[in-house]
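A closer look at the structure
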Amino acid sequence: METDNLISVQQFCIHHNVEFAFINSLNEYGLIEVTTVEETQYIYKGQLKDLEKMIRMHYELDINIEGIDAISHLLNRVDDLHTELTSLKNKLRLYENE
Amino acid sequence: MDFIDYYKILELDKNASTDDIKKAYRKLARKHHPDLNPNDATAKKKFQEINEANEVLSDPEKRKKYDKYGKDWKNAEHFENAEKQQQQYGGFQGQQGGAESFGEHDFSDFFSSMFGGAGGGRSGGQAKYRGQDFNAELHLDLKDVYTTHKQTLTVNGKSIRLTIPAGVENGQTIKIAGHGSEGVNGGPNGDLYITFSVTNHTKFKRDGNNLYSTVDLNLYTAVLGGEIMIDTFDGKVKLNIKPETPNGTKVKLKGNGFPVYKKEGEFGDLFITYQLTTPTNLTEKEKELFTELSKLNKNGN
C-alpha cells in the first residue's frame, strides 16, 4: 500500500513531542483515524491540521480528551452553521431591492 | 508605541505567583484561543495579547526585566548596556509553530523593543511543523463564475495559477493544498484557503443553481397571447405566452439557470415572473376602444 499520504505515528510523536497514548486516545474517540500498514501505524496527512489543533488544545490549554471531543463536535457545528448562514445570506439577496 | 500592562491583560496583580500566572493564562487562552474561535479576528488579537503577556510573566528573567524597567522600558536598553549586557536573553528564538500555534504569534512593538523578537512556543527539539495556512479573498463578478476559467493569483509573492470551476457560490471557500507557508523542519506545507466574494451586477437573482428574473409583459400580449423574446444569462430565448396570462405568472425554463458547481454540463433552472405593463399615453381612439370594452365587461374581470 502507498504510504505517500501517510505519516508514521511513531515519527509524528517524536517530532511533536507527544505521547503515543494521546494519539491512541484520539483514535479511540474517533477524532482521528489511525491506519496500519505492514504493522506500522500511520495517520493521514489530511488529518494533520486537525491533529495539530487537538495537540494544542491538550498540551497548551490543558483540555482533556473528553473536552477535545466535545469541542470538536461544537466546532463542526459552528462550521455547519457558518455554511448555512452564508447560504441564507445569499438567499436573502433574492428579496433585497425588490 | 505604548507601554503594555501585562498584569492587567492577565487580570492579575503584581504579586501574582507563577501558579497564578499559569492559571490565569490558561483560563483566558481557553476563552480566546483562535482554534476555539475560528474566523474571529477580535479573539485572535486578544489571544495574541494574552500570549505575549504570558510569554513575559511566565519567564522569570523576562518578568524581572519587565518589573524592573516597567514604564521606563524605553530606557531599558540604555540601562542594560550600562550593566554591560552581562547576559543575553537566550532561548527566545523558539521553533516556529504551525498555523495558530503558540510559537507563531505577532508580538507587539513594545515586546520586540524590550525583548527583541518573537517568543518560543511548546517545542520539542527539531519538531516538524505543518506550515501556516494562508487565507485569501477573491472578488469575482457573477459573470466570471458562469464559466470555468483560469486565474493567476499572487499569494505571498508566489504566483498560483488557479482553475475556478463554474458555479462557485458567494462566500464559498476552497482549499488549495500545499500552497500555504512552507513547513518547519521538513514538515508539510500549509494550505491556501480562498473565499470567493461574488458580486452580482446582472438583472438576474441567484439562489444556488437557480436564477430568477422579472420580465415585462404588455397588456395586449397578456390578454391575447403571443410570443416574446427574453434574456437568459447567456443569450436570448423565445417564449410563447398563453392568452389571458395573469400578472405575476411564473414560468420555469429548465436548464437555463446557473452551472452546477463541479458538474460539467449541468445547469439549474431559470424562473421568469411576468409583470404586466399598463399602456400609457393613450390616443383618443384607444380610449374609445377601452371604454367600449369596459362597457362589455363592467367588472373588468
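Structure: above.
Keep in mind that this is a model prediction, so the values were computed, not measured.

1. Observations concerning the overall build of chain A
- Counting its regular elements, chain A contains 4 helices and 3 strands.
- Helices and strands appear in chain A in the N-to-C order β-α-α-β-β-α-α.
- At a minimum sequence separation of 6, the contacts of chain A that also span at least 24 residues come to 57%.

2. Some remarks on the overall build of chain B
- Summing up its helical and strand segments, chain B has 8 helices and 11 strands in all.
- Counting every position in chain B, which comprises 301 residues, the buried fraction comes to 40%.
- For chain B, contacts bridging at least 24 residues in sequence account for 59% of all contacts bridging at least 6.
- A total of about 17800 Å² of accessible surface is found on chain B, and carbon and sulfur atoms cover 47% of it.

3. Description of the sheet that holds strand S10 (residues 250-253) of chain B
Residue and element names in this part refer to chain B.
- Ordered by their spatial adjacency, 4 strands build an open sheet running S6-S7-S11-S10, and the pairing between neighbours is mixed. The strands lining the two open edges of the sheet, one partner per strand, are strand S6 (205-207) and S10. Going from strand to strand, the sheet's axes swing by 30 degrees on average, the running direction of each strand aside.
- As paired elements, S10 and strand S11 (residues 270-277) share 4 bridges and run antiparallel to each other. Each residue of the ladder has a partner; that of Leu253, found in S11, is Leu270.

4. Considering the interface of chain A and chain B
- Taken together, the 28 residues of chain A in the interface contact 30 residues of chain B.
- Between chain A and chain B lies a buried interface of about 2600 Å² when both sides are counted; carbon and sulfur atoms form 51% of it.
- At the surface where chain A touches chain B, the tally comes to 4 salt bridges.
- Ionic pairing is found between Arg26 of chain B and Asp62 of chain A, a salt bridge with its closest N-O pair at 3.2 Å.
- Across the chain A-chain B interface, the total number found is 10 residue pairs in polar contact (both at pLDDT 80 or more).
- Broken down by secondary-structure element, the contributors of at least two residues to the side of chain A that touches chain B are helix H1 (9-16), helix H3 (48-61) and helix H4 (65-92) of chain A.
- The element contributing the most residues to the side of chain A that touches chain B is H3 of chain A, with 10 residues.

5. What to know about the layout of surface pockets
Residues and elements named next belong to chain B.
- Considering only enclosed or pocket space, the second largest pocket measures out at about 550 Å³ in volume.
- Looking at the second largest pocket, it is lined by 17 residues, and the ones nearest its centre are Leu219, Val223, Phe290, Leu293 and Gly300.
- Looking at the lining of the second largest pocket, the elements that each hand over two or more residues are helix H7 (219-224) and helix H8 (284-296).
- In terms of residue class, the lining of the second largest pocket is built from 10 nonpolar, 5 polar and 2 charged.

6. A few points about a nonpolar patch on the surface
All names here are of chain B.
- A cluster of nonpolar side chains, Tyr220, Val223 and Leu224, forms an exposed patch at the surface whose accessible area comes to about 310 Å².
- Relative to the assigned elements, Leu224 resides in helix H7.
- Note on Leu224: relative accessible area 63%, which makes it exposed.

7. Section: the nonpolar core
- If you look at the biggest cluster of nonpolar residues, it comprises 48 residues, and the most contacted ones within it are Phe12, Ile23, Leu26 and Ile43 of chain A together with Tyr6, Leu10 and Tyr66 of chain B.
- Among the elements that line this core, the one with the most residues is H3 of chain A, at 7 residues.
- Tyr66 of chain B has contacts with Phe3, Ile4, Asp5, Tyr6, Tyr7, Val56, Leu57, Phe110, Met114 and Phe115 of chain B, leaving out every residue within four places of it along the chain.
- Tyr146, Ile174, Ile194 and Val215 of chain B belong to the second largest nonpolar core, which has 33 residues in total.

8. Observations regarding the packing of H3 of chain A against H4 of chain A
Residue and element names in this part refer to chain A.
- Following both chains from N to C, one finds H3 and H4 inclined at 135 degrees, their axes separated by 11 Å at the closest point. What the angle tells us is that H3 and H4 run oblique. In this structure, H3 meets H4 at a crossing whose hand is right-handed. Residues Lys53, Met54, Met57 and His58 of H3 lie in contact with H4, whose contacting residues are Ile68, Ile71 and Leu75.
- Here the contact of H3 with H4 is composed, by residue class, of 5 nonpolar, 1 polar and 1 charged.

Calculation rules
- Residues numbered from 1 in each chain as written.
- Chains lettered and ligands numbered in written order.
- Predicted model: local features only at pLDDT ≥ 70, side-chain atom pairs only at ≥ 80, totals over all residues.
- Heavy atoms only, no water.
- Helix = DSSP H or I, 4+ residues; strand = E, 2+ residues; numbered from the N terminus.
- Contact = heavy atoms within 4.5 Å.
- Buried < 20%, exposed > 50% of the residue type's maximum accessible area, 1.4 Å probe, protein only.
- Areas by Shrake-Rupley, 256 points an atom, 1.4 Å probe, with all protein chains shown as cover.
- Pairing = 2+ DSSP bridges.
- Axes fitted to C-alpha atoms, helices over the stretch in contact; angles between N-to-C directions.
- Buried area = accessible area lost by both parts, 1.4 Å probe.
- Salt bridge = Lys/Arg side-chain N within 4 Å of Asp/Glu carboxyl O.
- Polar contact = N/O pair within 3.5 Å; in protein donor to acceptor, adjacent residues only side chain to side chain.
- 1 Å grid on protein atoms, 1.4 Å probe; cavity = no way out; pocket = protein on both sides within 12 Å on 5 of 7 lines; lining within 4 Å.
- Points joined across faces, edges and corners; volume = space filled by probe spheres on them.
- Nonpolar A, V, L, I, M, F, W, Y, C, P; charged D, E, K, R; others polar.
- Patch = residues over 30% accessible without salt bridge, like charges linked within 9 Å, V, L, I, M, F, W, Y side chains within 5 Å.
- Core = buried A, V, L, I, M, F, W, Y, C linked by side-chain atoms within 4.5 Å.
- Parallel < 35°, antiparallel > 145°, perpendicular 65-115°, else oblique.
- Left-handed = near helix turned anticlockwise from the far one by under 90°.

All quantities given are derived from atomic positions and should not be read as evidence of function.
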